[in-house]
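Residue-level listing of the chains:
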Amino acid sequence: MSSPDLNLLRTFLAVYRSGSFTAAAGLLGLSQSTVTTQIRSLERELARTLFERLPRGVAPTPVAHDLASRVAAPLDALATATGAAPADRPAPVHLAGPAELLSARVLPALAPLLAAGVRLRVTPGLTDPLLDELRSGRHDLVIATYRPRGRTLTAVPLMDEEFVLVASPAWAEGLTERLAAEGPSALHPVPLITYAEDLPIARRYWRHVFHTRLNCPAAVTVPDLRAVKSAVVSGAGFSVLPRYLCEPELTSGALVPLHTPDDPPLNTGYLVQRPGHPANLDVTRVREVLLEAGRGW
């Protein structure tokens, strides 16, 4: 079999790095149909499947990972030598994690890198699907709410998030004293605003702090802790929130802690990547900045 055409390999590498035919088409100045045709041609030449089609984008197969590891450096060097691409424009870093943490802590911490030319492609989401996508090659780094099992991923502690029981000042007036005297049953008349129907954060707080099960149903569920915080600030009820997310409101008095346990519940977040040294040095730069910043979160 003859060697694959360089144009096919360039298209392959663009799809591999961007995670979709559409994004690769934009980078290459081609139509999406042309990119699709070229990838299919390359797959026929190699007699191997390079990408699994997903609802959004594509996931590289093990064959694609192997091919990328062999052709990325020569193609980048050729592009630099011929002036087809600037030498200082590495691929974007694909980073994923909880939307709230990305907004409140991660993106502000990475601002200096962005000013220095590092490019990011950020995906918010839940840990389980994001780790699956990391294994398939869609992301470079994932911030996970738990340590993943197995040896296919490398995880290091990033931060400990502390959970706080909070309400607006209007609800908190008198409630703090009743909570201290009566225990968690004092909160039953107050609407509970939470992230999900199964009350994962609130149940953890009850178990860790009050040593009992939470039997208070949610009044409102909304799958975004920023929206939960907004509702509680507006006086809709009470909730349990990560301290990093509500620290400004606690400082200003817009939110009031209803209980201050000696041993507050904590959850460790992890920065996860696939084993091996990444070909894109900007992945290492992002990782190092996040690990350093995480010490203060």
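See above for the structure.
The numbers attached to residues start from 1 for each chain and follow its sequence in the written order. Confidence filtering applies because this is a predicted model: local features only for residues at pLDDT of at least 70, side-chain atom pairs given and counted only at 80 or more, and all residues used for totals across whole chains, interfaces and linings. Hydrogens are left out, water is left out, and the side-chain values use all remaining heavy atoms of the structure.

## Side note on the pattern of salt bridges
Applied cut-off: Salt bridge, as applied in this entry: a Lys or Arg side-chain nitrogen positioned within 4 Å of an Asp or Glu carboxyl oxygen. Where helices and strands are cited, they refer to DSSP runs of H or I of at least four residues and of E of at least two residues respectively, numbered from the N terminus. Exposure categories follow from relative accessible area, calculated using a 1.4 Å probe and restricted to protein chains: below 20% of the type maximum is buried, above 50% is exposed, and the middle band is partly exposed.
For the coordinates displayed, the defined rule picks out ten salt bridges. Here Arg243 makes a salt bridge to Glu162, at a shortest N to O gap of 3.2 Å. Of the two residues, Arg243 is situated in helix 11 (residues 243-252) and Glu162 in strand 6 (residues 154-167); the sequence distance between them amounts to 81 residues. What makes Glu162 partly exposed here is its relative accessible area of 23%. Salt-bridge contacts for Glu249 lead to Lys229; the nearest nitrogen and oxygen are separated by 3.3 Å. One end of the pair, Glu249, is in helix 11; the other, Lys229, is in helix 10 (residues 225-233), and 20 residues separate them in sequence. Side by side, Glu249 and Lys229 carry an identical accessibility label, which is buried. When salt bridges with common partners are traced through the structure, they connect Glu162, Arg243 and Glu247 into a single cluster.

## Quick notes on the packing of helix 1 (residues 6-18) against helix 3 (residues 32-46)
Note the threshold: Each axis is a line fitted through C-alpha atoms, and for a helix only the stretch in contact is used; angles between axes span 0 to 180 degrees, taken between their N-to-C directions. Any angle from 65 to 115 degrees is called roughly perpendicular, while one under 35 is roughly parallel, one over 145 is roughly antiparallel, and all others are oblique. Take the far helix as your reference; a near helix turned counterclockwise from it by less than a right angle gives a left-handed crossing, and one turned clockwise gives a right-handed crossing. Residue contacts follow a heavy-atom distance rule, with two residues in contact if any of their heavy atoms lie within 4.5 Å. Note on residue categories: nonpolar means Ala, Val, Leu, Ile, Met, Phe, Trp, Tyr, Cys or Pro, charged means Asp, Glu, Lys or Arg, and polar means any other residue, Gly included.
For the pair helix 1 and helix 3, interaxial distance at closest approach is 9 Å and the crossing angle is 110 degrees. The orientation of helix 1 relative to helix 3 falls into the category roughly perpendicular. For the crossing formed where helix 1 meets helix 3, the hand is left-handed. Packed against helix 1, whose contacting residues are Asn7, Leu8, Leu9, Thr11, Phe12 and Val15, the element helix 3 presents Val35, Gln38, Ile39, Ser41, Leu42 and Glu45 at the interface. Classifying every residue of the contact of helix 1 with helix 3 gives seven nonpolar, four polar and one charged.

## Digging into a nonpolar patch on the surface
This is how the line gets drawn: A patch is a set of surface residues, each over 30% in relative accessible area and not in a salt bridge, joined within 9 Å for like charges and within 5 Å for the nonpolar side chains Val, Leu, Ile, Met, Phe, Trp and Tyr. All accessible-area figures derive from a Shrake-Rupley calculation using a 1.4 Å probe, and residue coverage is judged against the displayed protein chains alone.
A cluster of nonpolar side chains, contributed by Leu27, Leu28 and Leu30, occupies part of the molecular surface with about 240 Å² of accessible area. When you line up the elements, Leu30 lands in the loop between helix 2 (21-28) and helix 3. Under the relative-accessibility criterion, Leu30 is labelled partly exposed at 33%.

## Some points on helix 9 (residues 200-210)
Given 3.6 residues to a turn, an α-helix orients residues that are three or four positions apart in the same direction. Rules: Arc definition: directions from the helix axis to the C-beta atoms.
Looking only at helix 9, the buried set comprises Ile201, Ala202, Tyr205, Trp206, Val209 and Phe210. Buried residues of helix 9, seen end-on, are gathered within an arc of 135 degrees and therefore sit on one face of the element. Residues of helix 9 that are buried sit in contact with strand 6, helix 8 (175-182), helix 10 and strand 9 (238-242). After helix 9 finishes, the residue His211 shows a positive phi value of roughly 55 degrees.

## Remarks on helix 1
Formally: Expected span of a helix: the number of residues minus one, times 1.5 Å. Polar contacts, as used here, are pairs of N or O atoms within 3.5 Å; protein pairs need one atom able to donate a hydrogen and one able to accept it. Residues neighboring in sequence count only if both atoms are side-chain atoms.
Between the first and last C-alpha of helix 1 there are 18 Å, a value that for 13 residues agrees with the 18 Å anticipated at 1.5 Å per step. All of the buried residues in helix 1 are Leu8, Leu9, Thr11, Phe12, Leu13, Ala14, Val15, Tyr16 and Ser18. Along its buried surface, helix 1 packs onto helix 2, helix 3, strand 1 (51-53), strand 2 (58-60), helix 4 (62-82) and strand 3 (93-97). For helix 1, the capping residue at the N-terminal end is Asp5, with a side-chain oxygen 2.6 Å from the backbone nitrogen of Asn7.

## Considering the pairing of strand 9
To keep things clear, this is the line we draw: Strands qualify as paired when DSSP identifies two bridges or more between them.
Among the five residues that make up strand 9, five are buried, leaving the element largely enclosed by the rest of the structure. Pairing of strand 6 with strand 9, which is carried by five bridges, proceeds in the antiparallel orientation. Directly across from Val166, in strand 9, lies its bridge partner Ser239.

## A short note on the side chain of His94
Relative to the helices and strands, His94 resides in strand 3. Assessed through its relative accessible area of 10%, His94 is described here as buried. Within the structure, His94 has its side chain in polar contact with the backbone oxygen of Arg17 (distance 2.7 Å). The residues contacting His94, other than those within four sequence positions of it, are Arg17, Ser18, Arg121, Arg138, His139, Asp140 and Leu141.

It is worth stressing that arrangement in space is one thing and function is another; only the former is reported here.
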